[in-house]
Amino acid sequence: YLRVFGSDTATPLFALIVRSSGWAHGTSASAASQTLSSCVPFGTPPSIGSDAACDAAAQKLAATKEDSSLLGHFSDNELPGPPDLLDRALRLDSDDPGRKAAEKWLAARRSGAPGNPGDDDREAFRGYVYDRYFRVTTAAIRKYDPNHLCLGPRMHGPFLKSAPVMQAAGRYLDALSLNVYNYWTPPAELMAMWSAQSGKPFLVTEWYTKGEDSGY
């Protein structure tokens, strides 16, 4: 951003476009409404995403690539990242592409050895799935807008404690967007993990406070 627009641009701290289910947040220019959700390499249950669909969704980003009031792009909002993602994939119908991909991945990881997946496999699979997601979405965004930051999908919940997901994010994103709940302040060790595993700065893009008498 600074390379393209310089450091003296009169720019709000945040003018970020969120493309998720057709809504935009904090935009300073007209926002394309087409979502990048079709790039997700799994749903609930998982299925394989499409590079072509992701590329098509990102084409409208070219309209704002010269906008100096835009800091960067979110690729989505709070995608699912359950710890049992691998188990869900393996329970799909036998001809489902998501199951086939998960079986192929697990067989390669175990060198063909039989057996049920363990927790290490489950965590590694989350990293594998999201490595693809970050790679495909970031490439599509940068193809049509090389001037702004790629901030990812505003990760939350189970993502926040997953080292493989943070490592995958760090390979592709300029900074991590994280939505943090259940803490008054994120624990220092958790923030240290985000930085250490990703090697990138992070932005807390959503949070909350509540009354101590709220009951939960």
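Going along each chain's sequence as written, the residues are numbered from 1 onward. Thresholds applied to this predicted model are a pLDDT of at least 70 for local features of residues and 80 or more for the giving and counting of side-chain atom pairs; totals over whole chains, interfaces and linings are not thresholded and use all residues. The side-chain numbers reported here are obtained from all heavy atoms of the structure, hydrogens and water having been left aside.

## Some words on the overall build of the protein chain
Each helix is a run of H or I in the DSSP string that is no shorter than four residues. Each strand is a run of E no shorter than two, and both are numbered from the N terminus. Counting its secondary structure elements, the protein chain contains 7 helices and 5 strands. Each residue is placed in one exposure class: buried if its accessible area under a 1.4 Å probe, protein chains only, is under 20% of its type's maximum, exposed if it is over 50%, and partly exposed if it falls in between. Buried positions account for 44% of the 216 residues belonging to the protein chain. For the protein chain, long-range pairs separated by at least 24 residues make up 71% of all intrachain contacts whose partners lie at least 6 apart in sequence. Accessible areas in this description were obtained via Shrake-Rupley with a 1.4 Å probe; residue shielding takes into account the shown protein chains only. A total of about 10,700 Å² of accessible surface is found on the protein chain, and carbon and sulfur atoms cover 53% of it. A contact between two residues is defined here by any heavy atoms of the two lying within 4.5 Å.

## Things to note about the environment of Val-204
With respect to the element layout, Val-204 can be found in strand S5 (residues 202-206). In this structure, the C-alpha to C-alpha distance between Val-204 and Val-180, residues 24 residues apart in sequence, is 6.6 Å. In this view, Val-204 contacts Leu-178 and Val-180; residues no more than four positions away in its chain are not counted.

## Brief notes about the pattern of salt bridges
Salt bridges, as used here, are contacts in which a Lys or Arg side-chain nitrogen is within 4 Å of a carboxyl oxygen on Asp or Glu. Considering all chains together, one arrives at 11 salt bridges under this definition. Asp-55 is the partner of Lys-143 in a salt bridge, and the nearest nitrogen-oxygen pair spans 3.0 Å. Here the residue Lys-143 occupies a position in helix H5 (residues 119-144), and Asp-55 occupies one in helix H2 (residues 51-58), the gap between them amounting to 88 residues. Classification of Lys-143 by relative accessible area gives exposed; the value is 56%. Assessed through its relative accessible area of 18%, Asp-55 is described here as buried. The partner of Arg-110 in a salt bridge is Asp-121, and the shortest N-O contact between them spans 3.0 Å. Residue Arg-110 is found in the loop between helix H4 (97-109) and H5, and its partner Asp-121 is found in helix H5; the two are separated by 11 residues along the sequence. For Arg-110, a relative accessible area of 21% gives the class partly exposed. The class for Asp-121 is buried, based on a relative accessible area of 9%.

## Details of the packing of aromatic side chains
Side-chain rings of Phe, Tyr and Trp (the six-membered ring for Trp) are treated as a pair once their centres are within 6.5 Å; stacked means planes under 30 degrees apart, edge-to-face means over 60, and tilted covers the remaining angles. Within the structure shown, the criterion is met by 9 aromatic pairs. A centroid spacing of 4.8 Å and a plane angle of 85 degrees characterise the contact between Tyr-130 and Phe-159, whose relative ring orientation is edge-to-face. Within this pair, whereas Tyr-130 is found in helix H5, its partner Phe-159 is found in the loop between strand S3 (149-152) and helix H6 (163-172), the two being separated by 29 residues in sequence. Of the residues examined, Tyr-130 reaches a relative accessible area of 0% and is grouped as buried. Since its relative accessible area comes to 1%, Phe-159 is described here as buried. In this structure an aromatic cluster arises from ring pairing among Tyr-130, Tyr-133, Phe-134 and Phe-159. Working rule: Lys NZ or Arg CZ, within 6 Å of ring centre, within 35 degrees of ring normal, means a charge sits over the ring. Between Arg-154 and the ring centre of Phe-74, over which it is positioned, the NZ or CZ distance is 5.5 Å.

## Details of the confidence of the model for the protein chain
Per-residue confidence from the predictor is given as pLDDT, running between 0 and 100. On average, residues of the protein chain score 78 in pLDDT, and 76% of them are at 70 or above. Low confidence marks residues 10-48, where pLDDT is under 50. Its contacts with residues over four positions away, or in another chain, come to 107 contacts.

## Side note on the environment of Leu-85
By the element assignment, Leu-85 lies in helix H3 (residues 85-90). Exposure remark for Leu-85: the relative accessible area of 1% places this residue in the buried category. Separated by 38 residues in sequence, Leu-85 and Glu-123 place their C-alpha atoms 8.7 Å apart.

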